Amino acid sequence: MNNYLFKQTFFLFVIIGFLDFIANKFYFYYTIWWFDMIMHFSAGVCVGMTILLTYFYFYKVKEVSFLKTVLMAIIGVAVVGLLWEVYELLIRVTSFDDGVAYYTDTASDLILDICGGILGSLYARRLLSK
């Protein structure tokens, strides 16, 4: 089942990469206000699946508790999401000078990342427990 989950995770990763390429080429992040939200949620799903897949691969466990699954997703996706926000600051896609808009956008991005991560890790847990 790990192979099936890996294929699904990789396929989702490729889809996200393709959508990001198209969005940058056609300025979707600036012209479609909700596109960024879809991308953050989808990336959260992908990262959540990757976290659980990696955990199962390295620790060779058969089952993970529901609470541990959710906590791994929240912590892992929050770390990746925060690193992404720092990256955006470093390449000057956004700035603290944007004021309240910066903080609300960042908070929204992190919430969507975490929600997607929880969904992705629960989906991965369900697949791996079969």
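Our subject in this report is the structure included herewith. Everything numeric in this text was worked out from a predicted model, so none of it was measured.

Looking at where T94 falls in the secondary structure, it is placed in the loop between α4 (66-90) and α5 (100-129). Setting aside residues up to four positions removed in sequence, T94 forms contacts with E88, L89 and Y102.

What follows concerns helix α3 (residues 35-59). Look at α3: 36 Å from first C-alpha to last across 25 residues, which is about the 36 Å you get at 1.5 Å a residue. Taken from the residues just after α3, K60 is the one with a positive phi, measuring 50 degrees.

Turning to the nonpolar core, a few remarks are in order. Core analysis: the biggest nonpolar cluster contains 12 residues, these being L5, V45, M49, L52, L53, Y55, F56, V64, M72, A124, L127 and L128. When residues of this core are traced back to their parent elements, those giving at least two are α3 and α5. At 6 residues, the largest contribution of residues to this core is made by α3. When sequence neighbours within four positions are dropped, the list of residues in contact with L5 reads M49, L53, A124, L127 and L128.

Right, let's talk about a nonpolar patch on the surface for a bit. Side chains of Y27, Y30, W84, V86, Y87, L90, I91 and V93 sit close together on the surface and give an oily, nonpolar patch of about 900 Å² of accessible area. Within the secondary structure, Y27 sits in the loop between α1 (2-25) and α2 (28-31).

Moving on, we come to the packing of aromatic side chains. Evaluated as defined, the whole model comprises 11 aromatic pairs. On the numbers, 5.1 Å between centres and 80 degrees between planes, the contact of Y102 with Y103 is edge-to-face. In this structure Y102 comes out as buried when scored by relative accessible area, which is 7%. Grouping aromatic residues by their ring pairs yields a cluster made of F26, F28, Y29 and F35. The ring of Y57 has K60 sitting right over it, with the charged end atom 4.6 Å from the ring centre.

Relative orientation of the contacting elements α3 and α4 amounts to 125 degrees, with a least axis distance of 9 Å. Accordingly, the angle class assigned to the pair α3 and α4 is oblique. In this structure, α3 crosses over α4, and the sense of that crossing is right-handed. Across the interface between the two elements, H40, G44, V47, G48, I51, L52 and Y55 of α3 pack against K68, T69, M72, A73, G76, V77, V80, W84 and E85 of α4. Of the residues belonging to the contact of α3 with α4, the class tally is 9 nonpolar, 5 polar and 2 charged.

Attention shifts here to the packing of α1 against α3. Look at α1 against α3: their axes get within 10 Å of each other, and the N-to-C directions meet at 155 degrees. In terms of orientation, α1 and α3 fall into the roughly antiparallel class. When you trace α1 past α3, the crossing you get is left-handed. Contact with α1, carried on its side by N2, L5, F6, Q8, T9, L12, F13, I16, L19, D20 and A23, involves F35, M39, S42, A43, V45, C46, M49, T50 and L53 of α3 and no other residues of that element.

Time to look at the side chain of H40. Mapped onto the elements, H40 comes out in helix α3. Residue H40 is classed as buried on the basis of its relative accessible area, which comes to 6%. When near neighbours in sequence (up to four residues on either side) are disregarded, H40 contacts W84, E85, D109, L112 and D113.

Calculation notes
- Residues numbered from 1 in each chain as written.
- Predicted model: local features only at pLDDT ≥ 70, side-chain atom pairs only at ≥ 80, totals over all residues.
- Heavy atoms only, no water.
- Helix = DSSP H or I, 4+ residues; strand = E, 2+ residues; numbered from the N terminus.
- Contact = heavy atoms within 4.5 Å.
- Expected span 1.5 Å × (residues − 1).
- Core = buried A, V, L, I, M, F, W, Y, C linked by side-chain atoms within 4.5 Å.
- Buried < 20%, exposed > 50% of the residue type's maximum accessible area, 1.4 Å probe, protein only.
- Patch = residues over 30% accessible without salt bridge, like charges linked within 9 Å, V, L, I, M, F, W, Y side chains within 5 Å.
- Areas by Shrake-Rupley, 256 points an atom, 1.4 Å probe, with all protein chains shown as cover.
- Salt bridge = Lys/Arg side-chain N within 4 Å of Asp/Glu carboxyl O.
- Phe/Tyr/Trp six-rings, centres within 6.5 Å; stacked < 30°, edge-to-face > 60°.
- Lys NZ or Arg CZ within 6 Å of the ring centre and 35° of its normal.
- Axes fitted to C-alpha atoms, helices over the stretch in contact; angles between N-to-C directions.
- Parallel < 35°, antiparallel > 145°, perpendicular 65-115°, else oblique.
- Left-handed = near helix turned anticlockwise from the far one by under 90°.
- Nonpolar A, V, L, I, M, F, W, Y, C, P; charged D, E, K, R; others polar.

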